Amino acid sequence: MAELDQKMAAQEQAHELKVHESLRGLSEREMIAMQAAKLAQGEGGGAAWAQVLVSGEAQKEKEQRLADELRHGAEVKDLLLKQASSVQGLMQAQLDRMEALAKQAMSATAEQQRSSGAAALYERSMDSMSRVAASRAEPTPVAAQVSVVPPATDGAASTQSCKSCSAPLRAGARFCAACGSAQTP
Ligand SMILES: [Zn+2]
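Residues numbered from 1 in each chain as written. Predicted model: local features only at pLDDT ≥ 70, side-chain atom pairs only at ≥ 80, totals over all residues.

Caption draft 1: Main features of the overall build of the chain. When its secondary structure is counted, the chain shows five helices and zero strands. When its helices and strands are written in sequence order, the chain yields α-α-α-α-α. When the 185 residues of the chain are sorted by exposure, 1% land in the buried category. In the chain, the proportion of contacts linking residues at least 24 apart, taken out of those at least 6 apart, comes to 0%. (Helix = DSSP H or I, 4+ residues; strand = E, 2+ residues; numbered from the N terminus. Buried ≥ 20, exposed ≤ 12 C-beta atoms within 10 Å, placed from the backbone. Contact = placed C-beta atoms within 7 Å.)

In structure tokens:
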């Protein structure tokens, strides 16, 4: 029995040596593949290999998730920066618009004041013009007196009248003051 054990141990050692020998000069990937093959060959090897694969996948997934999270974080940061700048831009645009509106309102008020001033001036000038026109249209007392009651220098004047229009004539007048026709005494 002891001999058999010793023999088996020796065989195992030899096998191990052979494996080590075969592994020498292999790349890491090839060594993993060899180990995987060895695991698959052993008892419950398939499950063990599956476990290795799963853990590898899990590791890869974890790394992927971490990378995703990092990328996501970067994306979020980028998005926040973009949003912040767009908000800033929006606020700037809003401020610009408000300033423009304020300027517009101010200029409109100034314009209104100017135009109301102009309107007041126009009204004043129209008022004075209409007053002038009214004063011109109104017959002055003197003019009314002249036109309505022609002055009579003496009583004899009232007895003479124009031969053409019968308007009263001044004494010794050679022309009618009303129609201009020549008068012969
Ligand atoms: Zn006359």
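Caption draft 2: How the structure looks around the confidence of the model for the chain. Per-residue pLDDT for the chain has a mean of 72; in total, 58% of the residues score no lower than 70. Within the chain, the element-level pLDDT minimum falls on helix 4 (residues 141–148), averaging 51, and the maximum on helix 1 (residues 2–23), averaging 74. (pLDDT = per-residue confidence, 0-100.)

Caption draft 3: Layout of unusual backbone geometry. Residue S166 is not a glycine yet carries a positive backbone phi of 70°. Considering the arrangement of structural elements, one finds S166 in the segment after helix 5 (155–159). Under the C-beta neighbour-count criterion, S166 is labelled exposed, with 11 such atoms within 10 Å.

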